[in-house]
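Fold and geometry: a report
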Amino acid sequence: MPAARLEVERLSAGYGPTQIVSEMSFEVPAGGRLAILGRNGVGKTTLLATLMGLSTRHHGKILADGQDISVMRTSARALCGMGYVPQTRDIFGSLTVEENLSTGFKTRERQGLSEIYEMFPRLAERRRHLGLQLSGGEQQMLSMARTLLGKPSILLLDEPLEGLAPVICDQLMETISRLATSGDMTIVLVEQQIERALNFADRVMVVERGRSVWEGASDELKSDRSLVNRLLGVGIH
Ligand SMILES: Nc1ncnc2c1ncn2[C@@H]1O[C@H](COP(=O)(O)OP(=O)(O)O)[C@@H](O)[C@H]1O
Ligand SMILES: [Mg+2]
């Protein structure tokens, strides 16, 4: 599947009746790279979960390449090209790397395994190790690899760098950038490492209390540290 356009129109959502995400609208063109920034607890994870159908949508629309996926189940959204790598790195600790990569996938998808091992040589080396024996960085690679086996056309990444050593962050960002430049994927990256996120993305959305409070080109933020400070309350680092 080639990269797909993602459109979000006045989306409000939360958990049951509790509203966390309010009236969010944004668009990522096919092959685009959007970074979503914001302090802890502002609703970034809830937004991604809502795009995947894992929270309660109150109103608004989500379209993948023009197709309305707002009321579809999570599995149907995946078939429409949505791929999600959750902040919690959902892997099976008691299964090996290879088992993690083979369970839940059809034969056709498993054929992508060699490609995945090429992308993450570290996982190839550790294919017989259990999930729980992996380092944080390897677990993140495995979580991402599982999602990539589904060949998503829109990839949602929730803080992939959280808790990882700088050298591993560099490697992962390189892999993510390579995916983006392949032209096969539209990428939405939620990230706390502002500088890395700005270097990756072409556009940025800043979220505060469940609302989009700023949207623009990442270059605008890169060249205006006082704006970054005002929006995110931190110096760039
Ligand atoms: N499963 C849940 N049920 C109820 N409230 C939740 C749940 N998950 C998160 N929240 C609340 O939603 C708000 C936004 O959380 P989250 O989307 O995780 O923010 P972020 O990813 O930006 O740190 C927080 O106030 C959090 O307590
Ligand atoms: Mg989060």
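You'll find the structure just up there.
It is worth spelling out the site of ligand 1 at this point. Neighbouring residues of ligand 1: Tyr-15, Ile-20, Arg-39, Asn-40, Gly-41, Val-42, Gly-43, Lys-44, Thr-45 and Thr-46. Contact distances for ligand 1 include 2.8 Å between an oxygen atom and a side-chain N or O atom of Lys-44. One nitrogen or oxygen atom from the side chain of Thr-46 is found 2.5 Å from an oxygen atom belonging to ligand 1. For ligand 1, whose accessible area on its own is 560 Å², the fraction buried by protein is 56%. Take the shell around ligand 1: its biggest share by element is three residues, from helix 1 (residues 44-51). Taken together, the residues of the shell around ligand 1 sort by class into three nonpolar, five polar and two charged.

Pairing of strand 1 (residues 6-15) with strand 4 (residues 56-64) involves seven bridges; the strand directions are antiparallel. Looking at the pairing, Glu-7 lines up with Leu-63 of strand 4. Where strand 4 meets strand 5 (residues 67-68), two bridges bridge the pair, whose relative direction is antiparallel. By the bridge assignment, Ala-64 is partnered in strand 5 with Gln-67. Hairpin connection, strand 4 to strand 5: the antiparallel pair is bridged by two residues, and Asp-65 has positive phi, about 50 degrees.

Moving on, we come to the coordination of the magnesium ion (ligand 2). Ideal geometry at a metal centre: 109.5 degrees between donors when four sit tetrahedrally, and 90 or 180 degrees when six sit octahedrally. For the magnesium ion (ligand 2), the full set of protein donor atoms is Thr-45 (OG1) and Gln-87 (OE1), at a range of 2.0 to 2.3 Å. Note that Thr-45 is positioned in helix 1 and Gln-87 in the loop between strand 6 (82-85) and helix 3 (97-102), a separation of 42 residues in sequence. Classification of Gln-87 as partly exposed rests on a relative accessible area of 22%.

On the basis of which strands lie adjacent, the open sheet formed by four strands has the order 2-1-4-5 and antiparallel pairing. Each edge of the sheet is formed by a strand with only one pairing partner; in this case those strands are strand 2 (18-28) and strand 5. Strands in contact with helix 1 are strand 1, strand 2 and strand 4; relative to strand 1, the strand with the most contacts, it is inclined by about 115 degrees.

What counts and what doesn't
- Residues numbered from 1 in each chain as written.
- Chains lettered and ligands numbered in written order.
- Predicted model: local features only at pLDDT ≥ 70, side-chain atom pairs only at ≥ 80, totals over all residues.
- Heavy atoms only, no water.
- Near = heavy atom within 4 Å.
- Polar contact = N/O pair within 3.5 Å; in protein donor to acceptor, adjacent residues only side chain to side chain.
- Areas by Shrake-Rupley, 256 points an atom, 1.4 Å probe, with all protein chains shown as cover.
- Helix = DSSP H or I, 4+ residues; strand = E, 2+ residues; numbered from the N terminus.
- Nonpolar A, V, L, I, M, F, W, Y, C, P; charged D, E, K, R; others polar.
- Pairing = 2+ DSSP bridges.
- Donors = N, O, S within 2.8 Å, 3.2 Å for Na, K, Ca; no water.
- Buried < 20%, exposed > 50% of the residue type's maximum accessible area, 1.4 Å probe, protein only.
- Contact = heavy atoms within 4.5 Å.
- Axes fitted to C-alpha atoms, helices over the stretch in contact; angles between N-to-C directions.

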